[in-house]
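Given next are the chains, with one letter for each unit.
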Amino acid sequence: LVLPAVKVDFAGTANLASMELADAYLKLQSFKTSYKTAALNMEGSLNNFSNPEVVLSGSLTGIDSNLLSQFVKDSSTVFSLPEIDIQSNTSTNIERGTTKINNIKISLGNSYIITDGNLDYSTPEFKYNALTRISVSLSEVGQIARDMLGKYNLKGTLSGTVEALNGKPEPVIKGTLN
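Residues numbered from 1 in each chain as written. Predicted model: local features only at pLDDT ≥ 70, side-chain atom pairs only at ≥ 80, totals over all residues. Heavy atoms only, no water.

Chemist: I tried to follow the environment of Gln29 on my own but got confused; where do I start?
Modeler: Locating Gln29 in the fold gives a position in strand 2 (residues 25-35). Sequence spacing of Gln29 and Glu43 is 14 residues, and the spatial spacing of their C-alpha atoms is 5.3 Å. Not counting the four nearest positions on each side in its chain, Gln29 is found in contact with Ala11, Gly12, Thr13, Met42 and Glu43. Of the polar contacts made by the side chain of Gln29, one reaches the backbone nitrogen of Gly12; its length is 3.3 Å. (Helix = DSSP H or I, 4+ residues; strand = E, 2+ residues; numbered from the N terminus. Contact = heavy atoms within 4.5 Å. Polar contact = N/O pair within 3.5 Å; in protein donor to acceptor, adjacent residues only side chain to side chain.)

Here you go:
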């Protein structure tokens, strides 16, 4: 296995606040990496090293069938993804053993996946609850894979929610799709 060369550029600042970890922070002004046509650009912050709050945003561009063919030799589907936007905001309370997912959003044109919820790992019985909202523009899906789906002239939106929780006697995953 030969790994390709990947260029990485980043700029940021850090302050360890004389080891007062609650006041320490890391600010990432830019993180850029690319491979052939693909590029990942991120920025964000990590505040309060004692109970970290992480906020990230960025984008991923240049994902298409030509790039995929570098890794998957039998791929015959021609596609090109529009820019993928990524946003995340999570906070962790290390002493309590909990993480709150305030928002994780991945969007591609008018389509998106948004998740929020809570993780509790303070006991051996790991607990979670999360709500995920999904909206997929079918016309955008048709544009992404024109060769395969273009002839169907897809229209409308596929949307729904998925809830996952295990704080009950039996874990629950339920959802709706419209």
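Chemist: I would appreciate a short explanation of the packing of aromatic side chains in the present structure.
Modeler: Describing an aromatic ring pair means giving the distance of the ring centres and the angle of the ring planes. Inspection of the entire model under this criterion finds 1 aromatic pair. A centroid spacing of 6.0 Å and a plane angle of 40° characterise the contact between Phe126 and Tyr128, whose relative ring orientation is tilted. With a relative accessible area of 25%, Tyr128 lands in the partly exposed category. Just above the ring of Tyr112 sits the side chain of Lys105; from NZ or CZ to the centre is 5.8 Å. (Phe/Tyr/Trp six-rings, centres within 6.5 Å; stacked < 30°, edge-to-face > 60°. Buried < 20%, exposed > 50% of the residue type's maximum accessible area, 1.4 Å probe, protein only. Lys NZ or Arg CZ within 6 Å of the ring centre and 35° of its normal.)

Chemist: Mind showing me how you'd approach unusual backbone geometry here?
Modeler: Unusually for a residue other than glycine, Met19 sits at a positive phi of about 70°. Given the relative accessible area of 57%, Met19 is considered exposed. One non-glycine residue, Asn48, lies in the positive phi region at around 60°. For Asn48, the location among the structural elements is in the loop between strand 3 (38-47) and strand 4 (53-61).

Functional significance is not addressed by these values, which are geometric in nature.
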